[in-house]
Amino acid sequence: MIGYKITRRELEKLVKQENATWLKRASDRTAGFIAAKTYSEKSSMWSEIKSVYMTLQGESKCAFCERKLESVEIGKIEQDVEHFRPKNRISAWAGSSSLTAAGVVMSSVPAGADGYYGLAYDLFNYAASCNPVIRC
């Protein structure tokens, strides 16, 4: 699991150094999602602060497949910023036949599981990862 040894205030400072208007715009967008009770936008702005997360993870691994991440310079093209908690609708995971055969029961998704739209721009809901096209 990716964890950042940094306070929210320190992380906000790094984001402001990267892009002075990002936090305000993120706050405005989040307020809109909460009011609408859903995530909906035509363009995102995560790439504007991607290098902050790439630097925090250093020479770490992808949050999903554990592939070694590239340097910040190369990774700006190859890597993405992804959410831990999904911003959109949550769907049930079927699991594999071997898990089912072993008696593992998958949790159901509650009705109206519209995702964590309130966390779409939460600074601690991100991790640098492989690009989905390239990802294992």
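What you see is a predicted model; the values in this text were computed from it and never measured. (Residues numbered from 1 in each chain as written. Predicted model: local features only at pLDDT ≥ 70, side-chain atom pairs only at ≥ 80, totals over all residues. Heavy atoms only, no water.)

Undergrad: It is not clear to me how the pattern of salt bridges should be interpreted in this structure. Could you clarify?
TA: Opposite charge on two side chains permits pairing when their charged atoms draw close. By the definition in use, this model includes four salt bridges. The partner of Asp122 in a salt bridge is Arg8, and the shortest N-O contact between them spans 3.5 Å. Pair noted here: Asp122 is in the loop between α5 (97-101) and β2 (126-130) and Arg8 is in helix α1 (residues 8-18), with a separation of 114 residues, a long-range link. With its nearest N and O atoms 2.4 Å apart, the salt bridge here joins Glu48 to Arg25. Taken as a pair, Glu48 in the loop between α2 (22-36) and α3 (50-57) and Arg25 in helix α2 lie far apart in primary sequence, 23 residues in all. (Salt bridge = Lys/Arg side-chain N within 4 Å of Asp/Glu carboxyl O. Helix = DSSP H or I, 4+ residues; strand = E, 2+ residues; numbered from the N terminus.)

Undergrad: How should I be thinking about the packing of aromatic side chains in this particular structure?
TA: Geometry of an aromatic ring pair is reported as the spacing of the ring centres plus the angle between the planes. Counted according to the given criterion, the structure contains six aromatic pairs. Relative to Tyr126, the ring of Trp46 lies with its centre 6.4 Å away and its plane at 75°, an arrangement referred to as edge-to-face. Placement of Trp46 in the loop between α2 and α3 and of Tyr126 in strand β2 is noted, with a sequence separation of 80 residues between them. Side by side, Trp46 and Tyr126 carry an identical accessibility label, which is buried. Taken together, the aromatic side chains of Trp22, Phe33, Tyr39, Trp46, Tyr53, Tyr121 and Tyr126 make up a single cluster linked through ring pairs. (Phe/Tyr/Trp six-rings, centres within 6.5 Å; stacked < 30°, edge-to-face > 60°. Buried < 20%, exposed > 50% of the residue type's maximum accessible area, 1.4 Å probe, protein only.)

Undergrad: Would you mind showing me how to read the pairing of strand β1 (residues 79-83) here?
TA: Each regular strand shows side chains that alternate between the opposite faces of the sheet. Of all the five residues making up β1, four are buried; the element is thus mostly covered by neighbouring parts of the structure. Here five bridges tie β1 to β2, and the two strands are oriented antiparallel to one another. Following the sheet pairing, Val81 is matched in β2 by Ala128. (Pairing = 2+ DSSP bridges.)

Undergrad: Honestly, the confidence of the model for the protein in this entry has me stumped. Any pointers?
TA: Low pLDDT marks stretches whose predicted atomic positions should not be read closely. Confidence in the prediction for the protein averages 82 pLDDT; 87% of positions are at 70 or higher. The spread of mean pLDDT over the elements of the protein runs between helix α4 (residues 72-78), the lowest at 68, and α1, the highest at 96. (pLDDT = per-residue confidence, 0-100.)

Undergrad: How should I be thinking about a nonpolar patch on the surface in this particular structure?
TA: A contiguous nonpolar patch, built from Trp93, Leu99 and Val104 and spanning about 290 Å² of accessible area, is present on the exposed surface. The class of Trp93 is exposed, set by a relative accessible area of 59%. (Patch = residues over 30% accessible without salt bridge, like charges linked within 9 Å, V, L, I, M, F, W, Y side chains within 5 Å. Areas by Shrake-Rupley, 256 points an atom, 1.4 Å probe, with all protein chains shown as cover.)

Undergrad: Explain the packing of α1 against α3 here, please?
TA: Where α1 contacts α3, the axes come no closer than 9 Å and their chain directions differ by 130°. In terms of their interaxial angle, α1 and α3 are classed as oblique. As for the relative orientation of α1 and α3, their crossing is right-handed in sense. When α1 is examined against α3, the residues Leu11, Leu14, Val15 and Glu18 are found in contact with a partner set consisting of Ser51, Val52, Tyr53 and Leu56. Here the residues of the contact of α1 with α3 are counted per class, giving six nonpolar, one polar and one charged. (Axes fitted to C-alpha atoms, helices over the stretch in contact; angles between N-to-C directions. Parallel < 35°, antiparallel > 145°, perpendicular 65-115°, else oblique. Left-handed = near helix turned anticlockwise from the far one by under 90°. Contact = heavy atoms within 4.5 Å. Nonpolar A, V, L, I, M, F, W, Y, C, P; charged D, E, K, R; others polar.)

Undergrad: How should I be thinking about the nonpolar core in this particular structure?
TA: Generally speaking, soluble globular proteins have nonpolar side chains that are buried together. Trp22, Trp46, Ile49, Tyr53, Tyr121, Leu123 and Tyr126 are the most contacted members of the largest nonpolar core, which has 20 residues in total. Of all the secondary-structure elements, those providing two or more residues to this core are α1, α2, α3 and β2. Ranked by residue count, the leading element in this core is α2, at three residues. Ignoring sequence-local partners within four residues, the contact set of Tyr121 consists of Trp22, Ala26, Arg29, Thr30, Phe33, Glu41, Ser43, Ser44, Met45, Trp46 and Tyr126. Core analysis: the second largest hydrophobic core is formed by five residues, Met54, Cys62, Leu69 and Ala128 among them. (Core = buried A, V, L, I, M, F, W, Y, C linked by side-chain atoms within 4.5 Å.)

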